[in-house]
Amino acid sequence: MSDNDKDGEEEFTAEEMAEAKRFAGKVDGLLGGDPIPTLMDAEQRELMVLSSMVASAFGDAELDAAKQTSIIDAAMAQAMDIAPAENDTKSQKQSVDQLATRRKRSKFVPAIVLTLVAAAAVLILYSRLESPATQVGQNSVAVRKLPKEELSRSSDQLVGQIKREASGHASSRIDQIYGSRMMGYRSLRYRRTVSRSTEGSNQ
Amino acid sequence: MNAILRIGAVLVLMATIAACASRREEGEHRGAVTELSDPANALSQELMLTLGQAKNFHHKANVLMSDGKLDDAATQVQQILDLPFPKHSPEAEDVLLDARARLAQMRLSQGKFEAAMTLVDDGLREKTRASFFVANLHTVRGEVFEAMAASAEEGSEASRSAKIDAIKSFDASIQINNQLLQELAPANK
C-alpha cells in the first residue's frame with residue numbers, strides 16, 4: 001500500500017505529474033527572474049504568483065528586487081484598473097514602468113520639499129543680513145511730519161497786502177513775523193524735548 | 001534616502017533658528033538707533049536768531065529816526081542786508097525785501113534817488129517768487145520814479161519818462177497783489 005492509499009487519495013496520473021512538473025518549472029523560472037508568462041489564465045497566474053511567494057517565504061529562494069517590484073506593480077496596476085488587456089504586453093509593461101517611475105519619484109518628494117524649504121530659509125536669512133535696509137537701519141533717520149506752524153514758510157498769509165501808506169513799516173511787519181515764528185519754534189523745541197525724554201524712558 | 005531627509009531637516013531647523021535670531025537682532029538695532037529727524041524746512045535756531053537780529057536793527061533805527069538821525073537809522077537797516085540768514089528760507093527773503101524797501105524810502109527821503117533805485121532793483125533781481133514784499137518793492141520803485149518825475153522839469157522828457165516808469169511799477173505791484181490775493185483767498189476761507 002502506498003502513502004497515497006493510506007491518506008485515501010488517488011495516485012496522480014502521469015499527465016498530472018507532467019503538468020505539475022511544467023508548473024514547478026515555471027515557478028522556478030519566475031523565482032529565477034523570468035517574467036510571468038503573458039498567455040495564462042487568471043487562475044493559473046494567481047496560483048503561480050502565490051506559489052512563488054510561498055516558495056520564497058519558506059525556502060532559500062528569494063525573488064530578486066526587480067522581480068518583487070514587477071510583481072507588486074503588476075498587482076497594483078490590476079487593482080487600480082489601469083492594466084491593459086493581458087495580451088497587450090507592450091502597454092502592460094509601459095503602465096508598470098510608469099507606476100514604478102512614479103513610485104521612485106514619490107520617494108524623492110519629501111527630500112526635495114525639505115531641500116527647497118531649507119534653501120528658501122537660507123536665502124531669506126542671507127537677504128536679511130545683506131539688505132541695505134538692515135544696514136541703513138543702524139543709522140536710519142525717519143523724517144518727522146510737522147504742523148505748518150513749525151515750518152519755515154512765506155509770510156504773505158501773515159502780513160497780507162502791504163498798503164502804500166504802510167510801505168515803509170518794515171519794523172512792525174518784522175515784529176509780526178518774528179512773533180509768529182517764535183511761537184512755532186517754541187512748539188517745535190517742546191516737541192523735540194518731549195520726544196527725546198520719551199525715547200530715553202523707552203530705552 | 002533617510003540620510004538626505006535628515007540633512008534636509010537639520011538645514012531647515014538651522015535656517016529657521018538663524019532667521020529668527022536675525023530678526024530679533026534687527027529689531028533691537030532699529031529700536032536703539034533710529035532717530036526722528038525734523039524736515040529741512042523746519043523752523044531753525046539760525047533763522048530765529050537772524051530774524052531777532054533784524055527786528056533789533058529795525059527798532060534801533062526807529063529810535064534813531066525819532067531823534068532825527070536818518071543816516072544812523074539807515075546804517076542800522078543796512079546791516080540787516082548783511083545778516084547770515086539761512087539759505088532758501090522764505091522768511092529771510094521777505095525780511096530782506098522789506099528792509100530794502102524801508103532803506104530805499106529812507107534814501108528817497110534824503111533825495112538819494114539812485115541809491116534808492118539800486119536798493120530796489122537789487123532786491124527785485126534777488127527775489128525767487130512773487131510775494132506781497134515784492135509788490136511793495138515795486139510800489140517803492142514807483143515812488144522813486146514819482147519823486148524823480150516831480151524833481152525833473154515839468155514837461156521834460158525825463159519827467160515824462162519817469163512818470164511812465166512810475167505807472168509801470170505801480171501796475172506791476174497791483175498785478176502781483178491781485179494774483180496773490182486770488183491765490184490766498186481759498187486759504188483764508
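Look above for the structure.
Keep in mind the model is a prediction, meaning the values are calculated, not measured.

Draft legend 1. Region of interest: the overall build of chain B. Per the secondary structure count, chain B includes seven helices and one strand. Counting all 189 residues of chain B, 43% fall into the buried class. Taking the contacts inside chain B whose residues are at least 6 apart along the sequence as the reference set, 64% of them involve residues at least 24 apart. Of the roughly 10400 Å² that chain B leaves accessible, carbon and sulfur atoms contribute 56%.

Draft legend 2. Local environment of the overall build of chain A. Assigned secondary structure in chain A consists of eight helices and one strand. The order of α-helices and β-strands along chain A, N terminus first, is α-α-α-α-α-α-β-α-α. Residues classed as buried in chain A amount to 27% of the 203 residues present. For chain A, long-range pairs separated by at least 24 residues make up 46% of all intrachain contacts whose partners lie at least 6 apart in sequence.

Draft legend 3. Here's a closer look at the side chain of Ser171 of chain A. Checked against the element boundaries, Ser171 of chain A lands in helix H8 (residues 170-202). Residue classification places Ser171 of chain A among the buried positions, given a relative accessible area of 8%. Aside from chain neighbours lying at most four places away, what touches Ser171 of chain A is His58, His59, Asn62 and Arg102 of chain B.

Draft legend 4. Main features of the packing of helix H5 (residues 113-126) of chain B against helix H6 (residues 132-151) of chain B. All names here are of chain B. Across the interface, H5 lies against H6 with an axial gap of 10 Å and an inter-helix angle of 155°. Relative to H6, the element H5 lies roughly antiparallel. Handedness of the crossing formed by H5 with H6: left-handed. Residues Phe113, Ala116, Met117, Val120, Asp121, Gly123 and Leu124 of H5 lie in contact with H6, whose contacting residues are Val134, Leu137, His138, Val140, Arg141, Val144, Phe145, Ala147, Met148 and Ser151. Here the residues of the contact of H5 with H6 sort into 12 nonpolar, three polar and two charged.

Draft legend 5. Spatial organisation of a nonpolar patch on the surface. Residues and elements named next belong to chain A. A cluster of nonpolar residues, Phe108, Ile112 and Leu116, forms a patch on the protein surface that exposes about 310 Å² of accessible area. Within the fold, Leu116 resides in helix H5 (residues 89-130). Assessed through its relative accessible area of 56%, Leu116 is described here as exposed.

Draft legend 6. Inspection of unusual backbone geometry at higher detail. Residue and element names in this part refer to chain B. You will see that His88, though not glycine, has its phi angle at about 65°, which is positive. Structurally, His88 is set in the loop between helix H3 (70-80) and helix H4 (90-109). A residue is classified by how much of its surface remains accessible, and His88, at 80% relative accessible area, is exposed.

Draft legend 7. Geometry of the environment of Arg103 of chain A. Residues and elements named next belong to chain A. Looking at where Arg103 falls in the secondary structure, it is placed in helix H5. With 30 residues separating them along the chain, Arg103 and Asp73 place their C-alpha atoms 9.6 Å apart. Each residue touching Arg103, except ones within four places of it in the same chain, is listed here: Thr69, Ile72 and Asp73.

Draft legend 8. Structural view of the side chain of His58 of chain B. Looking at the element boundaries, His58 of chain B is found in helix H2 (residues 45-66). On the basis of relative accessible area, His58 of chain B is assigned to the buried category, the value being 1%.

Draft legend 9. Just the nonpolar core, in detail. The biggest cluster of nonpolar side chains holds 51 residues, and the ones touching the most others in it are Leu51, Ile80, Phe85 and Val95 of chain B. Those elements that provide at least two residues to this core are H8 of chain A together with H2, H3, H4, H5, H6 and helix H7 (157-188) of chain B. Setting aside anything within four residues of it in sequence, one finds Ile80 of chain B in contact with Ala54, Phe57, His58, Phe85, Val95, Leu96 and Ala99 of chain B. If you look at the next biggest cluster of nonpolar residues, it comprises nine residues, including Val27, Met40, Met48 and Val49 of chain A.

Draft legend 10. Spatial organisation of the pattern of salt bridges. Taken as a whole and assessed by the stated rule, the structure comprises 17 salt bridges over all chains. The residue Arg129 of chain B makes a salt bridge to Asp156 of chain A at a minimum N-O spacing of 3.9 Å. Here the residue Arg129 of chain B occupies a position in the loop between H5 and H6, and Asp156 of chain A occupies one in helix H7 (residues 156-159), the pair thus bridging two chains. Here Arg129 of chain B falls in the partly exposed class, since its relative accessible area comes to 23%. What makes Asp156 of chain A buried here is its relative accessible area of 5%.

Draft legend 11. Broad picture of H6 of chain B. Helix length check: H6 of chain B (20 residues) gives 28 Å between terminal C-alpha atoms against 28 Å at 1.5 Å per residue, within 8%. H6 of chain B sits mainly inside the fold: 14 of its 20 residues count as buried.

Draft legend 12. Main features of the packing of H4 of chain B against H5 of chain B. Residue and element names in this part refer to chain B. H5 packs onto H4 with a crossing angle of 165° between their chain directions and a minimal axis gap of 7 Å. Relative to H5, the element H4 lies roughly antiparallel. Note that H4 runs across H5; the crossing there is left-handed. Note on element contacts: H5 touches H4 through Phe113, Ala115, Ala116, Leu119, Val120, Asp122, Gly123 and Glu126, opposite Leu97, Arg100, Leu103, Ala104, Arg107 and Leu108. Of the residues assigned to the contact of H4 with H5, the class counts are nine nonpolar, one polar and four charged.

Reading the values: rules and limits
Residues numbered from 1 in each chain as written. Chains lettered and ligands numbered in written order. Predicted model: local features only at pLDDT ≥ 70, side-chain atom pairs only at ≥ 80, totals over all residues. Heavy atoms only, no water. Helix = DSSP H or I, 4+ residues; strand = E, 2+ residues; numbered from the N terminus. Buried < 20%, exposed > 50% of the residue type's maximum accessible area, 1.4 Å probe, protein only. Contact = heavy atoms within 4.5 Å. Areas by Shrake-Rupley, 256 points an atom, 1.4 Å probe, with all protein chains shown as cover. Axes fitted to C-alpha atoms, helices over the stretch in contact; angles between N-to-C directions. Parallel < 35°, antiparallel > 145°, perpendicular 65-115°, else oblique. Left-handed = near helix turned anticlockwise from the far one by under 90°. Nonpolar A, V, L, I, M, F, W, Y, C, P; charged D, E, K, R; others polar. Patch = residues over 30% accessible without salt bridge, like charges linked within 9 Å, V, L, I, M, F, W, Y side chains within 5 Å. Salt bridge = Lys/Arg side-chain N within 4 Å of Asp/Glu carboxyl O. Core = buried A, V, L, I, M, F, W, Y, C linked by side-chain atoms within 4.5 Å. Expected span 1.5 Å × (residues − 1).

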